[in-house]
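Analysis of the macromolecular model
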Amino acid sequence: MPNVPATSALPRRDQIRKEAARLFAARGFLGVGVDEIGKAVGISGPGLYRHFAGKDAMLADLLIGISERLLEEGRRRAGGGAGGEIDADGSGSGNGNGDGSGDGSGSEGAAAALDALIGGHVEFALDDRDLITLHDRELLNLKEEDRRTVRRLQRGYVELWVDVVRRAYPPLADPGAEPVARAAVHAVFGLINSTPHSLGPNLAQGERVGLQRDDMASLLRRLAHGAFSAAADAAASARG
């Protein structure tokens, strides 16, 4: 019998999700077969088809699911500090002035929203290392329709961050500084998303012992805030 104590208490569909994510992250989507996923959860490969139409459907479920989760959780964490709702297509209802008018929060409320966004993404990176690896690496293996869905959700998530960052740092609210704010958001995503390559230990995969979770979380949050502060300084300097 396969040894799956970590997932045995989960509903079967969630067990399949967890093990598929682990295997896809470890060896790549193309390097894993349906029978192997079935073995990991204690059922036959064909038995998986009662839960998913196939391996492609598992990947789509994982990547669309995590993209939806990031956007929904991001909206919740940003709250009123974002200065307007951000739709999944990247459009928003904020006033676009970068001054916090219309939501009563100003830069202080946006700074709190940004800290909450950073904290949420750090938690995701630390607690769902397999999913963040898939999120970065396996998009091209999705079917075109599913890939468009993920891209749309990702755009909404990016726009949410860009909006909050520009409100939190007044120099980035200038229309000419929008590309700087956007570049900084992508840079921070890259920084936080690199966690699967730097957080240890996962001795089963030959990783060296790294920082403990809380230490890594604190470091990532400080580095993210530092990156946005540097971007704001650069924007202010460019304006003379």
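Here the structure is shown first, and the text comes after it.
Below is a summary of the structure that appears in this document. It should be emphasised that the depicted structure is a prediction, and the values quoted were computed from it without experimental measurement.

**Details of the overall build of the chain**
The helix and strand inventory of the chain stands at 8 helices and 0 strands. Out of the 240 residues belonging to the chain, those deemed buried represent 45%. Summarising the internal contacts of the chain: among those between residues at least 6 apart in sequence, 69% fall at separations of at least 24. When the accessible surface of the chain is summed, it comes to about 11900 Å², and 50% of that surface belongs to carbon and sulfur atoms.

**Thoughts on a nonpolar patch on the surface**
A cluster of nonpolar residues, Leu-211, Leu-219 and Leu-223, forms a patch on the protein surface that exposes about 230 Å² of accessible area. Looking at Leu-223, the relative accessible area reads 39%, which means it is partly exposed.

**Description of the pattern of salt bridges**
Tallied over the entire structure, the rule returns 19 salt bridges. It is possible to trace a salt-bridge network through shared partners that takes in Arg-13, Asp-14, Arg-17 and Asp-61.

**Details of the nonpolar core**
Grouped together as the largest cluster of nonpolar side chains are 66 residues, with contacts concentrated most on Phe-24, Ile-37, Leu-114, Trp-161, Leu-172 and Phe-228. Among the elements of the structure, helix H1 (12–27), helix H2 (34–41), helix H3 (55–78), helix H4 (106–127), helix H5 (129–137), helix H6 (144–168), helix H7 (178–193) and helix H8 (213–238) are those that each provide at least two residues to this core. The residues contacting Trp-161, other than those within four sequence positions of it, are Leu-114, Leu-117, Ile-118, His-121, Val-185, Val-188, Phe-189 and Phe-228.

**Description of the environment of Leu-223**
Along the chain, Leu-223 falls in helix H8. For the pair Leu-223 and Ile-192, spaced 31 residues apart in the sequence, the C-alpha separation amounts to 9.0 Å.

**Notes on H1**
Under the 1.5 Å per step criterion, the end-to-end length of H1 is 22 Å for 16 residues, consistent within 8% with the ideal 22 Å. Those residues of H1 not exposed but buried are Gln-15, Ile-16, Glu-19, Ala-20, Ala-21, Leu-23, Phe-24 and Ala-25. In this fold, the buried residues of H1 make contact with H2, H3 and H5. In the segment just after H1, Gly-28 is the residue with positive phi, at about 90 degrees.

**A short note on the packing of H7 against H8**
Packing of H7 against H8 leaves a shortest axis separation of 9 Å and a crossing angle of 160 degrees. In terms of their interaxial angle, H7 and H8 are classed as roughly antiparallel. H7 and H8 meet at a crossing whose hand is right-handed. Across the interface between the two elements, Val-180, Ala-184, Val-185, Val-188, Leu-191 and Ile-192 from H7 touch Leu-220, Leu-223, Ala-224, Ala-227, Phe-228 and Ala-231 from H8. By residue class, the composition of the contact of H7 with H8 is 12 nonpolar, no polar and no charged.

Cut-offs and rules
- Residues numbered from 1 in each chain as written.
- Predicted model: local features only at pLDDT ≥ 70, side-chain atom pairs only at ≥ 80, totals over all residues.
- Heavy atoms only, no water.
- Helix = DSSP H or I, 4+ residues; strand = E, 2+ residues; numbered from the N terminus.
- Buried < 20%, exposed > 50% of the residue type's maximum accessible area, 1.4 Å probe, protein only.
- Contact = heavy atoms within 4.5 Å.
- Areas by Shrake-Rupley, 256 points an atom, 1.4 Å probe, with all protein chains shown as cover.
- Patch = residues over 30% accessible without salt bridge, like charges linked within 9 Å, V, L, I, M, F, W, Y side chains within 5 Å.
- Salt bridge = Lys/Arg side-chain N within 4 Å of Asp/Glu carboxyl O.
- Core = buried A, V, L, I, M, F, W, Y, C linked by side-chain atoms within 4.5 Å.
- Expected span 1.5 Å × (residues − 1).
- Axes fitted to C-alpha atoms, helices over the stretch in contact; angles between N-to-C directions.
- Parallel < 35°, antiparallel > 145°, perpendicular 65-115°, else oblique.
- Left-handed = near helix turned anticlockwise from the far one by under 90°.
- Nonpolar A, V, L, I, M, F, W, Y, C, P; charged D, E, K, R; others polar.

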